[in-house]
Amino acid sequence: MSSVPENSSAAGPGHITAGTPAPVTPFPGTRTGTGSSASAGTGGGRASAGPDSATGPTSLQTLRTLDSGPRGLLETEAEIRLARTGENVLPTRRPVPWPRRFLRSLRDPFTSVLLCLGLVSALVSAWGTACVILALVAVSCLLRSTEEHRADRSATALRELVATTATVLRRVSDDTPPLEREVPVADLVPGDVIRLRPGDLVPADVRLLRTDGLTVHQSALTGESAPVAKQALDIPDPALSGAGPFAQPQWCFQGSSVTSGSGTAVIVATGGETRFAAAHDGRAGQRGASAFDRSVQGISWTLVRFMLLTPPLVLMANAALRGRGLETLPFAVAVAVGLTPEMLPVIVTTTLARGAARLARTSGVIVKRLPALHDLGAVDVLCLDKTGTLTEDRPVVAGATDSTDRPDPDVLRWAAVSALWTLQLAELPAADALDEAVLEAADECGSSAAGEVVPDAYEGVAVLPFDPVRRVATAVVRRPGRLGVHTLVTKGAVEAVLDRCAMDPDERHRLRALADRKAGTGLRLLAVARADRAARAGAYTPADERGLTFLGLVALRDVPDPSAAEALGVLARRGVSVKVLTGDHPGTAARVCADLGLRPEGRPGPDDVVTAELMDSLSDAELVRVADRATVFARCTPEHKARIVSALRAGGRTTGFLGDGVNDLPALHAADVGICPRNAVDVAREAADVVLAEKDLTAIDRAVLAGRRSSGNIATYLRITLSSNLGNVIAMLTAGLMLPFLPMLPAQVLVQNLCFDAAQLAFAFDRPAVSVLRRPTALRPRDFLRFITGFGLLNAAADLATFGVLALALHNASGDSGEAAFHAGWFTENLLTQALVMILLRTGRSAAERRAGGPLRAAAGGLAAVGVAFPLTPLGPLLDMSALPPLYYLLLGSVLGLYAVGLTAARRRYERRHLPDAAPDQVRNGKKERAEH
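Ordered by their spatial adjacency, 8 strands build an open sheet running β9-β22-β21-β20-β10-β17-β19-β18, and the pairing between neighbours is mixed. Edge positions in the open sheet fall to β9 (366-367) and β18 (609-611), since each of these has one partner strand only.

Structure below.
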């Protein structure tokens, strides 16, 4: 074990002084800038090299460069350095100012379209239209930025609730000894000396000073799934000079996590100066377009094409047929605005914000990015690891057998001896789950018949803890009545234990084949062996783990979570298929999935479990087909998980990924929706779009339902509004070409749109159909185009029929009075048909749901009342509208009745063809499903 003497000082005779900051680069490749995180005090100089060079600094040189020592910094010096270098947080963690969030909201496609229309309206002096549109844009951006700011504050509070801390050595004064204390990771500074223990996240880039069997996971930085051994080498190994900084054993980097052993290290870089920040700066937050982005962009571009074509067509048609010039430009812009769903940004933001707030209030789920709630509703594939989600993260012993595969309780008891004294002597911060399972099973088993193997009767002498390199743990004990003899009891991976046993190759091959057969049934195996050695006072080393006698195998299995099977069944009924991405043995993963009833899609077969080796042999196009068919993926590294998620998205699936570790970062970024529990590592919480209160599938189901409710309301709004708007625009353009005057004045179009917009706010508070909750919801541009075209033409037919009604009812009117009456009649008819559409065109609902009251029915009733009453009020003449004769209302009632019948028939035909879930059994099942959710 290499170390720096505790009583040495790199900066002077036992004290550290603060002076003029001197920028320090502890090793090449570390980012530096204003206020370098390695700035120190009077200790001057620049480290000549680091992990990129075989001639890098020794540990004492590093300490001297940082003006620190093995006893740590003074509290006052740490405060000075914290003020100079800033908090130890990643740049992406720094809060985004609210004004910047507001401006970012303008990048939403629909908001941008509305903003352009508002500016065009202002250019043609349509000030009323411009003011209304710009006000809608401002309200939408305000709602969205405020809600995301609130979610960010909730995430910040969550970080504080599960704040990450580090153990640091600090001194009150020069003469006092250093004391260990827990401080927030954000308060660490270059020069701090910290302790590293199993389970700790490496909080910054550090140079190791002392180590004891230290291994770390560096998968977030290198993608390497296996832990890497680290040592406090004082002199860098020349053989590793070309291997890169992450292969240097004396350096650890932020983003790594300690898997075993312990160590003491000095911090050389914090915050934005770390290699983790450099690796994830900008790229970590970048992901492909989500399901919401793709849907909104598709619909937006469809509308943009319509709106760009409408004004020129109106101008050219009126110029060619009626000889009108630019005086029709305000009307043309008003028609384009009439086609636009002006309230969409407000409806979308309000609906998603209400859903996110309700989810946070009822389930403790934080939605950090509002569109992610829509993506949750669209998710049709959920990828996750089995540990802690499908299982209880608590293995149990399934049995113990000897070398001939016959039950042998003494094998379990010897394993318990090793586990007991490993826990007693290794000073581990937390008991290993496998050791706890072995000890629990040994207690239930009791002592052997002869009373020979009783774990508590042995006396521990030494222990060699488990590490991922050796893959075994050894306890050295004194056996009762065996003076002068030490017994080594070793347990661990089958291959590693067999390699340390004295046996012929044939026997070793037989035992490996036996272990492979057991592992193929989904069991996790521990091999147990022992050997007697003459007692000695010297330390034991891994070299003593040789010439062992094989005792047998302890088989363990994962305990499925009692709620997992039911939750998987619920998700399957919701149309969400689950893919298990795990690093475990294929047999272990397959057994757990089989126990939970998680079957592959399609025909079962030997290729149901896809291994990492198979994935490596597939091209991206081949993996798309395999990923869609398979259910279980075993031996996955972080890169494999990300590649599987990307393949599913490339195949047209909307993918969610549930992860909680640094090794899940690539997949979290690759998914449409990244999900993590609140006890996930800090960087995973930062990368996720949704943070769950617990790592629980039922919480995901509630979040999916919330997303579908919000998405269902948005989709209903879009279908109804766009079809109604398209019908009105077609009818208005047709009437404009047939009449010697404009069918509606720009001001009348504006007031009509305002009334319809006010009524449409009710969509944000509507209760979606039960059928919406049964399947993933996605805004598909092609489906919307077919829907709005069909129902828009039906709406246009009703409008044109009203044209005939007006001609019949107003045949005696002439001049300005005739125009005013025509405007009033069309205004009334438009609002009445829009009210009918709001009620009758809500697809996928049972008869009971349609009869149920709610904000939408009230809003439609209010809209109809305004349409009838407005021309009769004093406001009517102000907008060039006059009262209508009773004959008009009688004829209009007939047209609306026929329109309602046609609309209902068309809706039922659409539901039979496109909504198979909207079956008659909704009447029977609707109340039950609403009670559940």
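Where burial is concerned, most of strand β14 (residues 485-492) is hidden: 8 out of the 8 residues are buried. Sheet topology note: the strand β13 (residues 472-478)/β14 ladder contains 6 bridges and is antiparallel. Its bridge partner being in β14, V477 is matched across the sheet by T487. In this structure, the hairpin formed by β13 and β14 is closed by a connection of 6 residues, where G481 is found at a positive phi of approximately 75°. Relative to strand β15 (residues 524-534), β14 runs antiparallel, the two being bridged by 8 bridges. Directly across from V489, in β15, lies its bridge partner R530.

In this section: the nonpolar core. Grouped together as the largest cluster of nonpolar side chains are 121 residues, with contacts concentrated most on L390, L697, L718 and M838. The leading source of residues in this core is helix α23 (residues 697-738), at 17 residues. Excluding its chain neighbours within four sequence positions, the residues that come into contact with L390 are L384, P560, D561, A564, L568, V580, V592, L596, L598 and L697. Ranked by size, the runner-up nonpolar core spans 45 residues in total, among them V381, M615, L618 and L623.

The next point concerns the pattern of salt bridges. As enumerated under the stated definition, the model contains 26 salt bridges in all. Linking E507 and R510 is a salt bridge whose minimum nitrogen-to-oxygen distance equals 2.7 Å. A residue pair is termed a helical-turn pair when its members lie 3 or 4 positions apart in one helix, as E507 and R510 do in helix α15 (residues 505-520) at 3 residues. Within this structure, E75, R170, R181 and D192 form a network of salt bridges that share partners.

So, on to the environment of L412. Within the secondary structure layout, L412 lies in helix α12 (residues 409-425). Considering only alpha carbons, one finds L412 and V438, 26 residues apart in sequence, at a separation of 7.0 Å. Beyond its immediate chain neighbours, meaning those up to four positions away, L412 contacts V397, A400, V438, A441, A442, C445 and V554.

The next subject is the pairing of strand β17 (residues 577-581). Among the 5 residues in β17, 5 count as buried, and that is most of the element. Side chains of β17 alternate between two faces, with S577, K579 and L581 and V578 and V580 buried alike. Sheet topology note: the strand β10 (residues 381-384)/β17 ladder contains 4 bridges and is parallel. Counted as the bridge partner of V381 is S577 from β17.

Attention now moves to the side chain of D192. Note that D192 resides in the loop between β3 (179-184) and β4 (193-196). Look past the residues within four positions of D192 in its chain and what remains in contact with it is L73, V168, L169, R170, D187, A265, V266 and I267.

Applying the stated criterion across every chain yields a total of 9 aromatic pairs. Ring geometry for F246 and F253: centres 5.0 Å apart, planes at 75°, overall edge-to-face. Residues Y717 and F763 carry aromatic rings whose centres are separated by 5.6 Å and whose planes lie at 70° to one another, so their mutual orientation is edge-to-face. In this pair, Y717 is assigned in helix α23 and F763 in the loop between α24 (746-760) and α25 (781-809), connecting sequence segments 46 residues apart. Since its relative accessible area comes to 0%, Y717 is described here as buried. With a relative accessible area of 0%, F763 lands in the buried category. Among the aromatic residues, ring-to-ring pairing joins F787, F791 and Y910 into one connected group. One cation-aromatic arrangement involves R207 over W251; the distance from NZ or CZ to the ring centre is 5.7 Å.

Another point: the confidence of the model for the protein. When the pLDDT values of the protein are averaged, the result is 78; 79% of them are 70 or greater. Contacts for the low-pLDDT stretch residues 4-55, under 50 throughout, to residues beyond four places or in other chains number 137 contacts. Predicted confidence is poor over residues 601-607, with pLDDT under 50, and the contacts of this stretch with residues over four places away or in other chains come to 7 contacts.

The next thing to look at is the packing of helix α19 (residues 620-629) against helix α20 (residues 638-650). As a packed pair, α19 and α20 sit with axes 8 Å apart at the nearest point and diverge in direction by 85°. Here α19 is positioned roughly perpendicular relative to α20, judged by the angle of their axes. Contacts from D620, L623, V624, A627 and D628 of α19 reach α20 at R643, I644, A647, L648 and A650. Taken together, the residues of the contact of α19 with α20 break down into 7 nonpolar, no polar and 3 charged.

Another aspect to go through is unusual backbone geometry. One non-glycine residue, D405, lies in positive phi territory at about 70°. Examined against the element boundaries, D405 turns out to sit in the loop between β11 (391-402) and α12. The phi angle at R635 is positive, at roughly 60°, despite the residue not being glycine. Among the structural elements, R635 can be located in the loop between β19 (632-634) and α20.

So, on to a positive patch on the surface. There is a patch of like positive charges on the surface, built from R354, R358, R361 and R767. What makes R354 partly exposed here is its relative accessible area of 42%.

Reading guide: rules and limits
Residues numbered from 1 in each chain as written. Predicted model: local features only at pLDDT ≥ 70, side-chain atom pairs only at ≥ 80, totals over all residues. Heavy atoms only, no water. Pairing = 2+ DSSP bridges. Helix = DSSP H or I, 4+ residues; strand = E, 2+ residues; numbered from the N terminus. Buried < 20%, exposed > 50% of the residue type's maximum accessible area, 1.4 Å probe, protein only. Core = buried A, V, L, I, M, F, W, Y, C linked by side-chain atoms within 4.5 Å. Contact = heavy atoms within 4.5 Å. Salt bridge = Lys/Arg side-chain N within 4 Å of Asp/Glu carboxyl O. Phe/Tyr/Trp six-rings, centres within 6.5 Å; stacked < 30°, edge-to-face > 60°. Lys NZ or Arg CZ within 6 Å of the ring centre and 35° of its normal. pLDDT = per-residue confidence, 0-100. Axes fitted to C-alpha atoms, helices over the stretch in contact; angles between N-to-C directions. Parallel < 35°, antiparallel > 145°, perpendicular 65-115°, else oblique. Nonpolar A, V, L, I, M, F, W, Y, C, P; charged D, E, K, R; others polar. Patch = residues over 30% accessible without salt bridge, like charges linked within 9 Å, V, L, I, M, F, W, Y side chains within 5 Å. Areas by Shrake-Rupley, 256 points an atom, 1.4 Å probe, with all protein chains shown as cover. Lys, Arg positive; Asp, Glu negative; His and termini not counted. Charge placed at Lys NZ, Arg CZ, Asp CG, Glu CD.

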